[in-house]
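# A look at the structure
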Amino acid sequence: MNYRHAFHAGNFADCVKHALLIALLRALLKKPAPLFVLDTHAGAGHYDLESGPAARTREAATGITRLLDLTPGSLEDYVTIVRGLGLYPGSPELIRALLRPDDRLACCELHPEEYVALRRRFRQDPQVAVHQRDGWEALKALLPPRQKRGLILIDPPYEDPTEYLRLADGLKLAHSRFPGGVIAAWYPAKRRASVRAFMASLSLRDVIVAEFLLREPLDPTRLNGCGLVIVNPPYRFEEAARPIMDGLLNRLSCREPGESATITRLADE
Ligand code: SAM
């Protein structure tokens, strides 16, 4: 377990994932029934961009820093929440910021230090459970939830080349345990061939893919882009996500050939 999200916090890939995560939650929160959210690879919860690992890599300079001065537009909701939370918020903080009193969040994090930081953050919070357990295993153990509606965020570190295969299996498992749940899984776009093979291995119905590319995904040594696979997307989510993807590309573009921000339906309902 070498991966530490602090080195990458607030980079373009976090902006894509987190802006779409907020939009997914907003769509789900339109209905009054209580919501359960499972964050299988939660990280530390928040990150200081001014010192430590994030300041060393400066990845946020081409990510959230480019968005913070935004005037109203499609990214306003995400940026306003980030500004309001102070340190750069990871997925658990962003999710928690939107929960209503009857909604619940369960977070899984295996790394001992990240787990301790996350646990400390939510120690007094009756709506949030923090587990030091394997997020893949939690898909079986924590699903289905008592609540009938839910969102599962799967955001593994991809330290291991087999992680795409694990993700395909994880999506299948999560869907079989909780067929009505919305599942969002982040993936890196380094090489087009790996992404295509992953997509071809998915055998679920009602799947969309929001993919953000800074350049052609040809060089496997660079994070050329990323995407979110969404199973059971909320009603009219594509329409809500379109301007968000356009806004991200407009602000985060590196002006390189092959950039794009697309939303594709991979499988019909
Ligand atoms: N979701 C977080 C966010 O958006 O702020 C970032 C998560 S980071 C990409 C992946 C995290 O998963 C790391 O903190 C890592 O320690 C943790 N991790 C790695 N393998 C895990 C596993 N099998 N189960 C749970 N957590 C794991």
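These numbers come from a predicted model, not from an experiment. (Residues numbered from 1 in each chain as written. Predicted model: local features only at pLDDT ≥ 70, side-chain atom pairs only at ≥ 80, totals over all residues. Heavy atoms only, no water.)

### What about the pairing of strand β9 (residues 225-231)?
On a regular strand, each side chain points to the face opposite its neighbour's, so the side chains alternate between the two faces of the sheet. Here is the rule we go by: Remark: exposure states derive from per-residue accessible area (1.4 Å probe, protein chains only) relative to the maximum for the residue type, with buried under 20%, exposed over 50%, and partly exposed in between. The numbering of helices and of strands both runs from the N terminus, where a helix is a DSSP run of H or I of at least 4 residues and a strand a run of E of at least 2. When DSSP finds at least two bridges between two strands, those strands are taken to pair.
Of all the 7 residues making up β9, 7 are buried; the element is thus mostly covered by neighbouring parts of the structure. Of the two faces of β9, the one lined by Gly 225, Gly 227, Val 229 and Val 231 and the one lined by Cys 226, Leu 228 and Ile 230 are each fully buried. Alignment of strand β7 (residues 182-189) against β9, held across 7 bridges, turns out to be antiparallel. From the neighbouring strand, Trp 186 faces β9, where its bridge partner is Leu 228. Where strand β8 (residues 207-213) meets β9, 7 bridges bridge the pair, whose relative direction is antiparallel. Counterpart to Ile 208 in the pairing with β9 is Ile 230.

### Regarding the site of the ligand
To keep things clear, this is the line we draw: For each residue, the test is whether any non-hydrogen atom lies within 4 Å of the molecule or strand; if one does, the residue is near. Any pair of nitrogen or oxygen atoms within 3.5 Å is treated as a polar contact; in protein, a donor-acceptor pairing is required on top of that, and neighbouring residues in sequence qualify only through side-chain atoms on both sides. Computed by Shrake-Rupley with a 1.4 Å probe, the accessible areas treat only the displayed protein chains as cover when residues are assessed. Polarity classes work like this: nonpolar for Ala, Val, Leu, Ile, Met, Phe, Trp, Tyr, Cys and Pro, charged for Asp, Glu, Lys and Arg, and polar for all others, with Gly in that last group.
Around the ligand sit 20 residues, and of these His 18, His 41, Glu 109, Gly 135 and Asp 155 come closest. The separation between a nitrogen atom of the ligand and a polar main-chain atom of Leu 110 is 3.4 Å. Measuring from a nitrogen atom of the ligand, one finds a side-chain N or O atom of Asp 155 at 2.7 Å. For the ligand, whose accessible area on its own is 610 Å², the fraction buried by protein is 96%. Counting residues per element, the ones that place at least two in the shell around the ligand are α1 (12-28) and α6 (135-141). Taken together, the residues of the shell around the ligand break down into 6 nonpolar, 9 polar and 5 charged.

### Examining the sheet that holds β8
The strands that make up a sheet are held in pairs by hydrogen bonds between backbone atoms, and each pair lies either parallel or antiparallel. For clarity, the threshold we go by: For every element, the axis is a line fit to its C-alpha atoms; helices are fit only across the contacting stretch, and the angle between N-to-C directions ranges from 0 to 180 degrees.
The strand order across the open sheet formed by 8 strands is β5-β4-β1-β6-β7-β9-β8-β10, and the pairing between neighbours is mixed. For this open sheet the edge positions go to β5 (128-131) and β10 (260-267), each flanked by a neighbour on one side alone. Strand-to-strand twist of the sheet, defined as the mean angle between neighbouring strand axes without regard to direction, takes the value 15°. Taken together, the 4 bridges between strand β4 (residues 104-108) and β5 define a ladder with parallel strand orientation. Paired with Cys 107 across the two strands is Val 130, which belongs to β5.

### Details of helix α9 (residues 237-252)
The condition that has to hold: To estimate the expected span of a helix, subtract one from its residue number and multiply by 1.5 Å. Contacts are residue-level and defined by heavy atoms, with any inter-residue pair within 4.5 Å sufficient.
Relative to the 22 Å expected for 16 residues at 1.5 Å per residue, α9 spans 22 Å between its end C-alpha atoms, a close match to the ideal helical length. By the burial criterion, the buried members of α9 are Phe 237, Ala 241, Ile 244, Met 245, Gly 247, Leu 248, Leu 249 and Leu 252. Structurally, α9 contributes buried residues whose contacts are with α1, β8, β9 and β10.

### Let's talk about the nonpolar core
Worth spelling out the cut-off: Side-chain atoms within 4.5 Å link the members of a nonpolar core, which is a set of buried Ala, Val, Leu, Ile, Met, Phe, Trp, Tyr and Cys residues.
In terms of nonpolar packing, the biggest core is built from 94 residues, with Leu 67, Tyr 78, Leu 171, Phe 198, Phe 212 and Leu 248 touching the most fellow members. Ranked by residue count, the leading element in this core is α1, at 12 residues. Residues in contact with Phe 212, not counting those within four places in the same chain, are Phe 12, Val 16, Gly 225, Cys 226, Met 245, Leu 248, Leu 249, Leu 252, Ser 260 and Ala 261.

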